[in-house]
Amino acid sequence: MHIPWLKNRNTQAKLGVFIAKQRVDICALSAGNEAIAVLDSSAFNDVSELIKTLSELISKHNLQAATCHVVLSNQLYQLLQIDKPNVPDDEISSSLPFIAKEFINEAIDTVVFDYFSVPNQNKINLVYCPKNLVALIVTAIQQAKLELVTIGIEELATANLFNTSADEDRKSTQMLIAQQDHQEINLTIIHDNQLYFSRRLRGFARLRDLQEDQLDTALLDNFSLEIQRSADFVVSQLKLPEVNEINLALPSTILAPLIARLQLNFTIPVTPLKHAFIADNVDIGFLPAIGGALEKL
């Protein structure tokens, strides 16, 4: 699953590059995608510094000539769900600028559009971001001497962490609750290796800062209520099997007590996100870069 603004189906990505407003993260996988070979991050004051910062980061680890999947932070694009256009599938991409006029305020010629389908529904997810940002990213990748395969988005990249070939696991319905920096929390639903649903949980950004003596608060009960509403939506509207597991990837220093407190409100297991590439000491801020490196063509 990817947003194919740029793609080369003859190559296989080994490098995930996550770009946010004030930092860039990289994840390089070893041959065979069996382990993380490099995981690093570099901050900058503004995304306009990306070209210099990325080149230095790639040179530091001697990653020139690697293929890469770029993942955009949700700060850098807009995502909205709309009815699927009444045109042949091979004409949807070309029709997006005309359709988008009804939904966006930006000048059509200043943004780049793409989309991905909503499984089992007659809808699409429209994605758009500034055209000059895409040009900046392409230049940065070229200057770093990398081969750009795709430019994707945070929700799809983190969904890659649930890709599996085991039939039983693939068909289970997973919920991922993740947070980057001090942004709002993002909730996604993944079923059968596909992203079905995504929403921002507004008003819970400070969950990451809660201390253990602050867990008995109305904030956590309200948080649980929003999670339950999404779990109910999965069954009633998306017609999927019930959520099998609630996976938490929050940058909290008290994640285990936080999970234990939330578990009191659910019969569904609440667990920290687990993946072969995510060790206990891995900063969960790297999840989008890891997901980008796991992108399959």
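Bear in mind the structure is a predicted one, so any value in this text is a computation, not a measurement.

(A) Structural detail: the nonpolar core. Core analysis: the largest hydrophobic core is formed by 61 residues, its most contacted members being Leu15, Leu54 and Val70. Looking at this core, the element that brings in the most residues is helix H3 (residues 131-143), giving 6 residues. If we ignore the near neighbours within four places in the chain, the residues touching Leu54 are Val17, Val24, Ile26, Ala140, Ile141 and Ala144. Counting 32 residues, the second-largest nonpolar core is a separate cluster that includes Phe197, Leu201, Leu238 and Leu255.

(B) Representation of the pairing of strand E2 (residues 23-29). In terms of burial, E2 is largely enclosed, as 7 of its 7 residues are buried. Residue alternation in E2 divides its side chains into two sets, Arg23, Asp25, Cys27 and Leu29 and Val24, Ile26 and Ala28, and both sets are buried. Count of turn residues in the strand E1 (residues 15-19)/E2 antiparallel hairpin: 3 residues. Two elements, E2 and strand E3 (residues 36-43), share 7 bridges in a ladder whose sense is antiparallel. Across the sheet, the residue bridging to Leu29 is Ile36, located in E3.

(C) Up close: the sheet that holds strand E12 (residues 243-249). Across the sheet, 5 strands lie side by side as E11-E10-E9-E12-E13; this open sheet has mixed pairing. Looking at which strands have only one partner, the edges of the open sheet turn out to be strand E11 (194-201) and strand E13 (270-272). Sheet twist, expressed as the average angle between the axes of neighbouring strands with direction ignored, equals 25 degrees. With 7 bridges joining them, strand E10 (residues 185-191) and E11 adopt antiparallel strand pairing. Bridge assignment links His191 to a residue of E11, and that residue is Gln194. Across the sheet, helix H7 (residues 255-263) lies against E12 and E13, angled at about 165 degrees from E13, the strand it touches most.

(D) Up close: the environment of Ala100. In this structure, Ala100 sits in helix H2 (residues 92-100). In the structure, Ala100 is positioned 58 residues away from Ser42 in sequence and 35 Å away in space, judged by C-alpha atoms. Leave out the neighbours within four places in its chain, and Ala100 touches Ile108, Phe113 and Leu126.

(E) How the structure looks around the side chain of Ser73. Structurally, Ser73 can be placed in the loop between strand E4 (67-72) and strand E5 (78-83). Setting aside its immediate chain neighbours within four residues, Ser73 contacts Phe18, Ile19, Ala20, Glu154 and Gln183.

(F) The arrangement of the sheet that holds strand E8 (residues 147-153) in detail. Spatial strand order, E3-E2-E1-E4-E8: 5 strands in an open sheet with mixed pairing. In this open sheet, the two edge strands, each paired with only one partner strand, are E3 and E8. Looking at each pair of strands side by side, their axes are set apart by 15 degrees on average, direction ignored. Sitting on the sheet, helix H1 (residues 50-60) is in contact with E1, E2 and E3, with an inclination near 30 degrees to E2.

(G) Focus on unusual backbone geometry. Positive phi, normally seen in glycine, also occurs at Asn120, with a value near 65 degrees. Here Asn120 is to be found in the loop between strand E6 (111-117) and strand E7 (123-130). Even without being a glycine, Lys145 presents a positive backbone phi close to 65 degrees. Mapped onto the elements, Lys145 comes out in the loop between H3 and E8. We classify Lys145 as exposed; its relative accessible area is 57%.

(H) The side chain of Ser55, seen in detail. Within the element layout of this structure, Ser55 appears in helix H1. Residue classification places Ser55 among the buried positions, given a relative accessible area of 18%. The residues contacting Ser55, other than those within four sequence positions of it, are Gln143 and Ala144.

(I) Local environment of the packing of H1 against H3. Close contact between H1 and H3 brings their axes to 8 Å; oriented N to C, the two are set at 30 degrees. Judged by the inter-axis angle, H1 sits roughly parallel to H3. When the axes of H1 and H3 are compared, the crossing they make is right-handed. Touching Leu50, Ile51, Leu54 and Ser55 of H1 are Leu136, Ile137, Thr139, Ala140, Ile141 and Gln143, all from H3. Tallied by class, residues from the contact of H1 with H3 come to 7 nonpolar, 3 polar and no charged.

(J) A look at helix H6 (residues 218-236). Along its 19 residues, H6 runs 27 Å from first to last C-alpha, staying within 8% of the 27 Å computed at 1.5 Å per residue. Looking at H6, one finds that the buried residues are Leu219, Leu220, Phe223, Ser224, Glu226, Ile227, Ser230, Ala231 and Val234. Along H6, the residues classed as buried sweep out an arc of 160 degrees about the axis, all on the same side. The elements touched by buried residues of H6 are strand E9 (173-178), E10, E11, E12 and H7.

Parameters at a glance
Residues numbered from 1 in each chain as written. Predicted model: local features only at pLDDT ≥ 70, side-chain atom pairs only at ≥ 80, totals over all residues. Heavy atoms only, no water. Core = buried A, V, L, I, M, F, W, Y, C linked by side-chain atoms within 4.5 Å. Buried < 20%, exposed > 50% of the residue type's maximum accessible area, 1.4 Å probe, protein only. Helix = DSSP H or I, 4+ residues; strand = E, 2+ residues; numbered from the N terminus. Contact = heavy atoms within 4.5 Å. Pairing = 2+ DSSP bridges. Axes fitted to C-alpha atoms, helices over the stretch in contact; angles between N-to-C directions. Parallel < 35°, antiparallel > 145°, perpendicular 65-115°, else oblique. Left-handed = near helix turned anticlockwise from the far one by under 90°. Nonpolar A, V, L, I, M, F, W, Y, C, P; charged D, E, K, R; others polar. Expected span 1.5 Å × (residues − 1). Arc of directions from axis to C-beta.

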